[in-house]
Amino acid sequence: MKLNTRKWIGGVISSGRRIAIPIMTHSGIEITGRTVRDAVTDGDVHARAVEALAARYPSAATSVIMDLTVEAEAFGAEISFADHEVPSVTGRLVADRNSIEALKIPSLDAGRVPEYLKACRIISEKADRPVFAGCIGPYSLAGRLYDMSEIMMGIYIEPETMKILLSKCTEFITSYCLALKEAGANGVLMAEPAAGLLSNEACSEFSSVFVRQIVEKVQDEYFAVILHNCGNTGQCTEAMVETGAMGYHFGNAIDMVDALDKCPSDSLVLGNIDPVSVMKTSTADVVYAKTAELLNRTAAYPNFVLSTGCDTPPELPFENIDSFYRALADFS
């Protein structure tokens, strides 16, 4: 869908109309009767799942599966797959400066990248609403390649070595985002949850500086970066804003009003219904009440967009999704 994304965002904010863009692609997989493994390995299946969900629910934009293993696999990391769970990285690809310096930046033909680009093309060609592709953030990718616990120590013990790895991750993510843009996406939801474990200063130095490099090369009138950090409890929102992204997506650990106060009023701020304890395991009545409460608390902020705090898990009760949207309709 050809769209001036910056104008679309401006229109959302100026309209005074509350919209929702939940991240819940697994429900689309279930509508089509396929498995998570099918969707994350086959671009056609992925696209059909996203289209099925869009046909059933009035999300203001379409988003793809939040898969934080695609880029790591392209670099050569070993991935574990299951039929009904998101893939995960197993083992450690790099462990010292020598292996980091020897690490090759992969091509866009590596691993499952072509399938995700294929899904983006199919979805974008038929979409009747903005399409937001997905990618991982540089610090979260580096953590999957180096080991998440090790990189937490590495940024203090060997900061320059970690920055070599972060630079390589940044270069690949940039090329991937440009390819998603070429495939027709109107923007990308960049998942950087590992940065939420850092202080504001560390998040700025080891995440935001690199995210901003990507933003400066890929974001324009027709392509927006929406930075997702569900690990942030409020301590690194200022660092997130340093990236210059057009939007910020928050998890359920943060107070949304506090986040809105710290984000630019001309950027979209999305969140943050708990995807597990509310959307999956609560009753439909609780989902309605929690959604209505969030909408009322954020009513004074025209740039707020109702969303889930992260990608909802498989086997979400459809009556809970119905309640989420019913609360939005009643509020509107």
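Residues numbered from 1 in each chain as written. Predicted model: local features only at pLDDT ≥ 70, side-chain atom pairs only at ≥ 80, totals over all residues. Heavy atoms only, no water.

(A) Expanded view of the side chain of D274. By the secondary structure assignment, D274 is in the loop between strand 8 (268-273) and helix 14 (284-297). An unpaired buried charge is present at D274: no salt bridge exists, and K290, the closest side chain of opposite charge, is 8.9 Å distant. (Helix = DSSP H or I, 4+ residues; strand = E, 2+ residues; numbered from the N terminus. Buried < 20%, exposed > 50% of the residue type's maximum accessible area, 1.4 Å probe, protein only. Lys, Arg positive; Asp, Glu negative; His and termini not counted. Salt bridge = Lys/Arg side-chain N within 4 Å of Asp/Glu carboxyl O.)

(B) Structural detail: the pattern of salt bridges. Under the counting rule described, the total for this entry stands at 15 salt bridges. For the salt bridge of R212 with E216, the shortest nitrogen-to-oxygen distance reads 3.1 Å. Taken together, the positions of R212 and E216, both in helix 11 (residues 200-218) and 4 residues apart, correspond to about one turn of that helix. One continuous salt-bridge network, built from bridges that share partners, spans D67, E73 and R112.

(C) Region of the structure containing the sheet that holds strand 4 (residues 131-136). One open sheet accounts for 7 strands, arranged 1-4-5-6-7-8-9; its pairing is parallel. With one partner strand each, in any of the chains shown, strand 1 (62-63) and strand 9 (304-308) form the two edges of the open sheet. Note that strand 1 and strand 4 share 2 bridges and pair parallel. Opposite S63, over in strand 4, you have F132 as the bridge partner. (Pairing = 2+ DSSP bridges.)

(D) Spotlight on the nonpolar core. Grouped together as the largest cluster of nonpolar side chains are 112 residues, with contacts concentrated most on W8, Y139, L145, L165, F250 and L306. With 10 residues, the single largest contributor to this core is helix 10 (residues 159-182). In contact with W8, other than residues within four places in its own chain, are L3, I19, I21, A60, A61, P130, F132 and L268. In terms of nonpolar packing, the next biggest core, distinct from the first, is built from 6 residues, A47, V64, I123 and V131 among them. (Core = buried A, V, L, I, M, F, W, Y, C linked by side-chain atoms within 4.5 Å. Contact = heavy atoms within 4.5 Å.)

(E) How the structure looks around the packing of helix 8 (residues 138-146) against helix 9 (residues 148-157). Two numbers describe how helix 8 lies on helix 9: the axes approach to 7 Å, and their chain directions differ by 115°. In this view, helix 8 runs roughly perpendicular relative to helix 9, as classed from their interaxial angle. In this structure, helix 8 crosses over helix 9, and the sense of that crossing is right-handed. Only M148, E150, I151, M152 and I155 of helix 9 make contact with helix 8, whose side of the interface consists of Y139, S140, A142, G143, R144 and Y146. Its residues assigned to classes, the contact of helix 8 with helix 9 comprises 7 nonpolar, 2 polar and 2 charged. (Axes fitted to C-alpha atoms, helices over the stretch in contact; angles between N-to-C directions. Parallel < 35°, antiparallel > 145°, perpendicular 65-115°, else oblique. Left-handed = near helix turned anticlockwise from the far one by under 90°. Nonpolar A, V, L, I, M, F, W, Y, C, P; charged D, E, K, R; others polar.)

(F) Molecular detail of the pairing of strand 8. Most of strand 8 is tucked away, with 6 of its 6 residues classed as buried. For strand 7 (residues 247-250) and strand 8, the ladder comprises 3 bridges, and the chain directions are parallel. Among the inter-strand pairings, H249 is bridged to a residue of strand 8, identified as L270. Once the chain exits strand 7 it traverses helix 13 (residues 256-262) before rejoining the sheet at strand 8, and the crossover so formed is right-handed. (Right-handed = clockwise from strand over helix to strand, strands pointing away.)

(G) Examining the environment of A133 more closely. Structurally, A133 is set in strand 4. Filtering out sequence-adjacent residues up to four positions away, A133 remains in contact with V64, C120, L180, A185, G187, V188 and L189.

(H) Summary view of helix 4 (residues 43-56). For helix 4, built from 14 residues, the straight-helix expectation of 20 Å at 1.5 Å per residue is met to within 8% by its first-to-last C-alpha distance of 20 Å. For helix 4, the full list of buried residues reads G43, V45, H46, A47, A49, V50, A52, L53 and A54. (Expected span 1.5 Å × (residues − 1).)

(I) Seen up close, the pairing of strand 3 (residues 85-90). Sheet topology places strand 2 (residues 78-82) next to strand 3; 4 bridges connect them, and they run antiparallel. From the neighbouring strand, S80 faces strand 3, where its bridge partner is S88. In sequence, strand 2 turns back onto strand 3 through a hairpin of 2 residues.

(J) Representation of a nonpolar patch on the surface in the model. Together, M153, Y156 and I157 line one region of the surface with nonpolar side chains, adding up to about 370 Å² of accessible area. Locating I157 in the fold gives a position in helix 9. On the basis of relative accessible area, I157 is assigned to the exposed category, the value being 64%. (Patch = residues over 30% accessible without salt bridge, like charges linked within 9 Å, V, L, I, M, F, W, Y side chains within 5 Å. Areas by Shrake-Rupley, 256 points an atom, 1.4 Å probe, with all protein chains shown as cover.)

(K) Structural context of the state of the cysteines. One pass over the structure, following the stated rule, counts 0 disulfides. Residue C135 stays outside any disulfide, its sulfur separated by 3.8 Å from that of C177, the closest cysteine. The class for C135 is buried, based on a relative accessible area of 3%. Free cysteine C236: the closest other cysteine sulfur is in C203, separated by 4.1 Å. Of the residues examined, C236 reaches a relative accessible area of 0% and is grouped as buried. (Disulfide = S-S within 2.5 Å.)

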